[in-house]
Amino acid sequence: MSYLNNVVGYRKDLLTNRSVVKKDNYVLLDPDGLVKNVIPGFENCDVTVLASPKIGASFVDYLVTIHADGKNERGFGEEGIETLLYLIEGSLEVKAGEQSYSLTQGGFVYCPPGTKLYFQNKSGKVTKAFLYKRRYDRLEGYEPYVVTGNANEMEWIKYEGMEDVLIKDFLPKELAFDCNFHILSFKPGASHGYIETHLPEHGAYFLSGQGMYNLDNDWVPVQKGDYIFMSAYSLQACYAVGRDEEFSYVYSKDCNRDVS
Ligand code: UGY
Ligand code: MN
């Protein structure tokens, strides 16, 4: 790196970006490279599309900065689409259809297809949210429903029996739901028990700490604010680095369905 500092006009922001894009395999997005997208109906919002079908995902993830009085009056979630909003920072008024919720940091609302998700930032402060949408895979005899809660009030569960890797599940483990959302947290030095290779896809937004991630056997450093898409069967595992802070991320995972 040091030679770059002697290059006349060297701009660190132009020459260094940790993002990696391996379409249909995995994607790491460094927040320094994110750009704003215009999404109809999102007012006073900076919207970035993270994962989408263009990189091989069956879902769309967004990072949304909602400025004072930012809102989406059209509602989020078209016909047949399920949605989730997770509040990374600040507070936000959210409606699932006609039902209203006041979310604080860590709050989430899941809407099944047929229920639109609306939000409005009345806090006067900037708020940051993670949004997800995906075509719902209906199973005869089962009806998904609105689920809301706050991750900060949920109990940690040992992940696969490990003492130093903990998980929280947002949605009930019921066949009505074809996906789930989790927060996975690693104590300093902790790691997955093995390199996972599985059918479900993930979109993961890093909430705290730093770690090393094995993505299809490429080891990449990741930290708070990064985003990773992991496609079906993409090899994946990580360990937390640092001494104090836990390494954690919120992520989606499709589940409860046969392969069609
Ligand atoms: O649930 C999972 O598959 C999760 N442990 N995967 C991951 O963290 N990459
Ligand atoms: Mn996994």
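What counts as what
- Residues numbered from 1 in each chain as written.
- Chains lettered and ligands numbered in written order.
- Predicted model: local features only at pLDDT ≥ 70, side-chain atom pairs only at ≥ 80, totals over all residues.
- Heavy atoms only, no water.
- Domains from an automatic or database assignment.
- Contact = heavy atoms within 4.5 Å.
- Buried area = accessible area lost by both parts, 1.4 Å probe.
- Salt bridge = Lys/Arg side-chain N within 4 Å of Asp/Glu carboxyl O.
- Helix = DSSP H or I, 4+ residues; strand = E, 2+ residues; numbered from the N terminus.
- Polar contact = N/O pair within 3.5 Å; in protein donor to acceptor, adjacent residues only side chain to side chain.
- Pairing = 2+ DSSP bridges.
- Buried < 20%, exposed > 50% of the residue type's maximum accessible area, 1.4 Å probe, protein only.
- Axes fitted to C-alpha atoms, helices over the stretch in contact; angles between N-to-C directions.
- Donors = N, O, S within 2.8 Å, 3.2 Å for Na, K, Ca; no water.
- Tetrahedral: all angles 85-135°; square planar, octahedral: opposite > 155°, others 65-115°.
- Near = heavy atom within 4 Å.
- Areas by Shrake-Rupley, 256 points an atom, 1.4 Å probe, with all protein chains shown as cover.
- Nonpolar A, V, L, I, M, F, W, Y, C, P; charged D, E, K, R; others polar.

Can you help me understand the domain arrangement of the protein in this one?
Note on interface size: it is often stated as the accessible area lost on association of the parts. In terms of domains, the protein is made up of domain 1 (34–151) and domain 2 (153–254). On a C-alpha basis, the centres of domain 1 and domain 2 stand 21 Å from each other. At the interface, 30 residues of domain 1 touch 24 residues of domain 2. With both chains or domains summed, domain 1 and domain 2 bury close to 2,300 Å², and 68% of this area falls on carbon and sulfur atoms. Across the contact surface, domain 1 and domain 2 share one salt bridge.

Where do I start with the side chain of Ser 248 in this structure?
Relative to the assigned elements, Ser 248 resides in strand 20 (residues 247–254). Within the local environment of Ser 248, its side chain forms a polar contact with the side chain of Ser 208, the two groups lying 2.8 Å apart. Setting aside residues no more than four positions away along its own chain, Ser 248 makes contact with Ile 183, Leu 184, Ser 185, Phe 206, Leu 207 and Ser 208.

Quick question: what am I supposed to make of the pairing of strand 16 (residues 210–215) here?
Two faces belong to every sheet, and in a regular strand the side chains alternate between them. Where strand 16 and strand 17 (residues 218–223) come together, six bridges link them in antiparallel fashion. By the bridge assignment, Tyr 213 is partnered in strand 17 with Val 220. As defined by bridge partners, strand 16 adjoins strand 19 (residues 236–241) across six bridges and the pair is classed as antiparallel. Bridge pairing in strand 19 links Gln 210 to Val 241.

Would you explain unusual backbone geometry in this entry?
Peptide bonds are, in most cases, trans, and in most cases residues other than glycine have a negative phi. Backbone geometry at Tyr 233 places phi at a positive 70°, although glycine is not the residue there. Mapped onto the fold, Tyr 233 is located in the loop between strand 18 (227–230) and strand 19. The residue Asn 256 is not glycine, and still its phi comes out positive at about 65°. Here Asn 256 is to be found in the segment after strand 20. The partly exposed category is assigned to Asn 256, whose relative accessible area is 34%.

Would you mind going over the sheet that holds strand 19 with me for this structure?
Sheet strands associate in pairs through backbone hydrogen bonding, adopting either a parallel or an antiparallel arrangement. Strands sit in the order 17-16-19 across an open sheet of three strands; the sheet is antiparallel. Strands at the two margins of the open sheet, each flanked by one partner only, are strand 17 and strand 19. Pairs of neighbouring strands in the sheet enclose a mean axial angle of 25°, with direction left out of account.

Any chance you could explain the coordination of the manganese ion (ligand 2) here in plain terms?
A metal bound by six donors in octahedral fashion has ideal angles of 90 or 180 degrees, whereas one bound by four tetrahedral donors has an ideal angle of 109.5 degrees. Surrounding the manganese ion (ligand 2) are the protein donor atoms Glu 196 (OE), His 198 (NE2), His 202 (NE2) and Gln 236 (OE1), at 2.0 to 2.3 Å. In this structure, the manganese ion (ligand 2) is surrounded by six donor atoms whose angles at the metal cover 78 to 173°, and the resulting shape is octahedral. In primary-sequence terms, the residues that donate to the manganese ion (ligand 2) follow E-x1-H-x3-H-x33-Q.

Please clarify how the site of ligand 1 should be interpreted in this entry.
Looking at ligand 1, the residues that line it are Tyr 159, Leu 184, His 192, Glu 196, His 198, His 202, Tyr 213, Met 230, Gln 236, Tyr 249, Tyr 251 and Lys 253. Interatomic distance of 2.7 Å between a side-chain N/O atom of Tyr 159 and a nitrogen atom of ligand 1. Gln 236 is positioned with one of its side-chain polar atoms (N or O) 2.8 Å from a nitrogen atom of ligand 1. In isolation ligand 1 offers 270 Å² of accessible surface; the protein chains occlude 98% of this area. It is strand 20 that contributes the most residues to the shell around ligand 1, three residues altogether. Its residues assigned to classes, the shell around ligand 1 comprises six nonpolar, four polar and two charged.

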